[in-house]
Each structure stands twice: as structure tokens, then as C-alpha cells.
Amino acid sequence: MTTSSPLPVPTPAVVTAPPAISLVVPTFNEAANIDELLSRICAALPPDAPGAGAVDVLFVDDSTDNTPEVVRDAALRCPIPVAVHHRPEPHGGLGGAVVEGITRTTATWIVVMDADLQHPPGLIPELIAAGERTGAELVVASRYADGGSRQGLAGGYRMLVSGASTLVAKAVFPRALHAVSDPMSGFFAIRREAVERGLSGEGLRPLGYKILLELAVRCRPRGVAELPYEFGERFAGESKSTLKEGLRFLRHLALLRTAESRARMIAFGLVGASGFLPNLAVLWLLIHGTGMHYVPAEIIANQAGLLWNFLIIDSLVYRDHRRQHRRSLRMLSFGALGNADLVVRIPLLALLVTAAGIPPVPATALSLIVVFALRFVIVDRVLYRRRQA
Ligand SMILES: Nc1nc2c(ncn2[C@@H]2O[C@H](COP(=O)(O)OP(=O)(O)O)[C@@H](O)[C@H]2O)c(=O)[nH]1
Ligand SMILES: [Mg+2]
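If you're wondering where the values come from, they're calculated on a predicted model, not measured in any experiment.

Rules behind the numbers
Residues numbered from 1 in each chain as written. Chains lettered and ligands numbered in written order. Predicted model: local features only at pLDDT ≥ 70, side-chain atom pairs only at ≥ 80, totals over all residues. Helix = DSSP H or I, 4+ residues; strand = E, 2+ residues; numbered from the N terminus. Rg over C-alpha atoms; globule rule 2.2 N^0.38 Å. Near = placed C-beta within 6 Å. Nonpolar A, V, L, I, M, F, W, Y, C, P; charged D, E, K, R; others polar. Buried ≥ 20, exposed ≤ 12 C-beta atoms within 10 Å, placed from the backbone. Contact = placed C-beta atoms within 7 Å. Axes fitted to C-alpha atoms, helices over the stretch in contact; angles between N-to-C directions. Left-handed = near helix turned anticlockwise from the far one by under 90°. Pairing = 2+ DSSP bridges. Parallel < 35°, antiparallel > 145°, perpendicular 65-115°, else oblique. Domains from an automatic or database assignment. Arc of directions from axis to C-beta. Core = buried A, V, L, I, M, F, W, Y, C linked by C-beta atoms within 7 Å.

What about the overall build of the chain?
The helix and strand inventory of the chain stands at twelve helices and seven strands. Radius of gyration (C-alpha) of the chain: 28 Å, far over the 21 Å computed for a compact globule of 389 residues.

So this is what it looks like as C-alpha cells:
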């Protein structure tokens, strides 16, 4: 940089309150880690530091040991508010605990971290700063980003399982996890707006350990940032992760994946069914208004239904999956497919009218329903096939 560059024009000071942060810490028999964890959290987020925002900590506990008492005792010595919610029933395991914790907090930013100090509390201010700086709704502390490490994973077997499940998750959700190098991370910060989007959509139903996967897929955070970190050794106690967790993870993936296409199928069905109305209305007008024969009338009326379907499906259902950039070309492909079904529908219609004696308008309605199922399969599988990352 040269010294002759002009002085920057001072920007007017914008006074914004520092964002409030709620830490959500799931615990299962972590009594021996609580003191150390809280003292490191307080060192990382001193409440009296200049510009410090409000911070609170919520432990969501499913322990069978005295972890809740240890937390309450340590809270008395802690300068930031600390609460513990012991769940009578451990619904959804670790993931369920985190969701329950999130819904019990109110801060703008929610930070989720483990209690065993494998997640360094010193990184929390950087997670929030990265989110504020970039505007990202999700900031992931990543073992796989450049500069990160997973040396705290006990042994080659756990390393292999972690690496393999990361690859599988990214292959199953190439778009949702595109910017997330460590979707198995249990250490991240997420803005409340993003979580609320997930809660108000299909809801959050994590199974077991992979809560970030659940949030990244169901909340679709707008903007993701990552910070590398070193996944440390457990401070005390034992890992609760088991082989059963691995099987749960696969079930979780399958549930998330099918929930997504199920939702699309429902949206597609509703839009398609609503397209019957313009189709049948135009058909009725042509037959009864102009005396046109029902076959050419339906060929014309079909265009009205297709145009209606295309506009809604293209702008709402598949807006994030467009493979063809030009709208006119997408419309032509959609129209070609939509009219191709006339090859099946017109003979079917003629059969219904002439052989079964059904009047043209209800016969058309019936033919639309029959061909509708077929159309979904073709559009969903061919025209809007998911782009691979
Ligand atoms: N509330 C709750 N916390 C859990 C449960 N299982 C694990 N945890 C906590 O989740 C965090 C991560 O668990 P850990 O055993 O360290 O998993 P690992 O790091 O993958 O070996 C720790 O803080 C655990 O105490 C559970 O069923 N309920
Ligand atoms: Mg751990």
C-alpha cells in the first residue's frame, strides 16, 4: 500500500447494539466437564468487555448422573446467566435436546457446542463475528476447512466413519451442503430467523447426533460461512457416540431426503390440479360458446392449463433447480412435454366420450387426472433433475 492514497471519507458512525448470543449445550453425563467449560466460556465472552452483547448459556440435559446439580452450582460462580433444563424424557437424543434448547432461548444468534471441550469456546466470538461480517445465517466451525483438524477423533476407525458419513451426506444433499465442508460438525452458530424458517416449515425432527445436517437441510440458511478449528481431545468422561448412532444417521438421511421430494410432489400435485380449472374453463367456453368440436377445443384449452402450470411451477416449486437458464426454452420444453401427453389423452378422451358416453368436459377432467400422475414422474425425473455439485 502506498502512503499517497487519499484519506478514506469517514463514514457516519452507525450505532448498532452487539448481537445477543445464546449458547445451547447438550449434556449426557458430563459432570466432570462443566466447571472447565463454563470458565472457558466466560473467558471467551466476558460480560464486561467493551461492546459485549448479552450472552446466556442453556444446558439441555438428559443425564443420569448429577450433571444438573453441578451446572446449577457452577452457575452461581459464573458472571453470565447459566440455566439447565433437565428433560424428563430424552426425546430425539442429542439432536432433540438441541432443538428443545433452541426453542427455549431468545437471542439473535444461537451457538451449539458440546460440553466435553472438544469444541474450543475461544472460537465463539469469531463465529459470531464471521456471521455479522458476511451476513451469513449459518457459521460452521469446520474440521475439514483449510487449517482445521480432527485429531481429537479417537482412532482411525472414528476418523474413517466421520469422513465417510461426511461424503455420504454431501452426496445425498449436494445443494444444501454445498458450502458446508463439515456437515457432521456439532459446533456452529445459526441466526434465529433461519431456525424459525425451519420450525415454521416442516418442523425440525432430528434423529440422534446430526443436528447441523437437519438445520442445513430444513432451514436452508441464506449464506453459510465456515471457520476452521481443531477438534480437540475430550477433557473428561467418555464419548456417548455408538454404532447405533451410525445407523440412526442413515435413517435420518433417508427421512430428510424423502421429506424433500414428498413436499415437492405435494406442491406439484396442487399446482397441476389447479391447472385443470383454466383448461376445463377454456374447453367449456370453446364447446359451448363457439360450437367447436371437443378434440380441437381440448388441444387449445390444454395450452391454457399448461401456461398456468408452468408459471407457478417454474417460479415457485422449482425456482432453485433450474437447469436451463432461459425461461422461454424452459417454457417450450414444458409445453412440449405437456402437449406430448395429448397423444395419450385425446384417444382416451374420445373413448370416454364415444364408448362410455361421458360428456366432453367431465371426460376431459378424467383424462387429465389419469395422465397427471405420468406427467409428474417425467417432469420431476427428467426436466428438473438435480444439478450435481
Ligand atoms: N442432552 C443430550 N446430550 C447428549 C446426548 N448424547 C450425547 N450428548 C452430548 O452431546 C455432546 C457430544 O457427545 P459425545 O459423546 O462427546 O460425542 P462425540 O464427540 O461424537 O464422541 C456431549 O456434550 C454429550 O454430553 C443425549 O442423548 N442427550
Ligand atoms: Mg465429544
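Considering the site of ligand 1
Lining the immediate environment of ligand 1, one finds 19 residues, of which Pro26, Phe28, Ala97, Ser239 and Lys240 sit closest. Contributing elements (two or more residues each) for the shell around ligand 1: β1 (21-27), β2 (55-61) and α3 (93-103). Residue contributions to the shell around ligand 1 peak at three residues, all from α3. For the shell around ligand 1, the class distribution of residues is seven nonpolar, six polar and six charged.

Some remarks on α3
Summarising burial for α3: nine of the eleven residues are buried, a large majority. All of the buried residues in α3 are Gly93, Leu94, Gly95, Gly96, Ala97, Val98, Val99, Gly101 and Ile102. Elements in contact with the buried residues of α3: β1, β2, β3 (82-86), β4 (109-112), α6 (192-200) and α7 (211-219).

Overview of unusual backbone geometry
One non-glycine residue with positive phi stands out, namely Leu117, at about 70°. Positive phi, normally seen in glycine, also occurs at Arg220, with a value near 40°. Relative to the elements of secondary structure, Arg220 occurs in the loop between α7 and β7 (224-228).

Thoughts on the packing of helix α1 (residues 34-44) against helix α2 (residues 67-76)
Closest axis-to-axis distance for the α1/α2 pair is 10 Å, and the angle between their directions is 35°. By crossing handedness, the relation of α1 to α2 is classed as right-handed. Between α1 and α2, the residues in contact are Ile34, Asp35 and Leu38 and Thr67, Val70, Val71 and Ala74, respectively. Of the residues that constitute the contact of α1 with α2, the class distribution is five nonpolar, one polar and one charged.

Points about the sheet that holds β3
Strand order in the open sheet made by the seven strands is β3-β2-β1-β4-β6-β5-β7, with mixed pairing throughout. In this open sheet, the two strands that pair with only one neighbour each are β3 and β7. Between one strand axis and the next, the sheet turns by 20° as a mean value, whatever way the strands run. Note that β4 and strand β6 (residues 188-191) share four bridges and pair antiparallel. By the bridge assignment for β6, Trp109 is matched with Arg191. Where α3 meets the sheet, its contacts fall on β1, β2, β3 and β4, and the angle it forms with β1 comes to roughly 150°.

Concerning the packing of α6 against α7
Contact geometry for α6 and α7: axes closest at 8 Å, N-to-C directions at 75°. With respect to α7, the element α6 is oriented roughly perpendicular. Contact with α6, carried on its side by Ala194, Val195, Arg197 and Gly198, involves Leu215, Arg218 and Cys219 of α7 and no other residues of that element. Residue classes in the contact of α6 with α7 are distributed as four nonpolar, one polar and two charged.

A look at the pairing of β6
Here is the key point about a regular strand: its side chains alternate between the two faces of the sheet. Of the two faces of β6, the one lined by Phe188 and Ile190 and the one lined by Ala189 and Arg191 are each fully buried. Two elements, strand β5 (residues 138-142) and β6, share three bridges in a ladder whose sense is antiparallel. Bridge pairing in β6 places Val140 opposite Phe188.

Points about the domain arrangement of the chain
Assigned domains of the chain: these are domain 1 (21-240) and domain 2 (260-383). Each of domain 1 and domain 2 has a C-alpha centre, and these two points are 47 Å apart.

Focus: α2
The set of residues buried in α2 consists of Thr67, Val70 and Val71. Viewed along the axis of α2, the buried residues span an arc of 100°, placing them on a single side of the element. Across α2 from its buried face, at more than 90 degrees, point the exposed residues Asp73 and Leu76. Where α2 is buried, its residues touch β1, α1, β2 and β3.

Observations regarding the environment of Leu280
By the secondary structure assignment, Leu280 is in helix α8 (residues 243-290). Those residues in contact with Leu280, other than ones at most four positions away along the chain, are Val361, Thr364 and Ala365.

So, the nonpolar core
Grouped together as the largest cluster of nonpolar side chains are 66 residues, with contacts concentrated most on Val111 and Phe188. Looking at which element gives the most residues to this core, the answer is α7, with seven residues.

Quick look at the environment of Phe173
Looking at where Phe173 falls in the secondary structure, it is placed in the loop between α5 (155-172) and β6. Phe173 gets classed as buried once you count the C-beta atoms within 10 Å, which come to 21. Along the primary structure Phe173 and Leu256 are separated by 83 residues, whereas in three dimensions their C-alpha atoms are 9.4 Å apart.

Some remarks on the pairing of β7
Within β7, four of the five residues are buried, which leaves it mostly tucked inside the rest of the structure. Pairing of β5 with β7 involves five bridges; the strand directions are parallel. Looking across to β7, one finds that Leu138 is bridged to Val224.

Let's talk about the environment of Val379
Position of Val379 relative to the elements: it lies in helix α12 (residues 360-383). Each C-alpha atom, one on Val379 and one on Arg197, is 27 Å from the other, the two residues being 182 residues apart in sequence.

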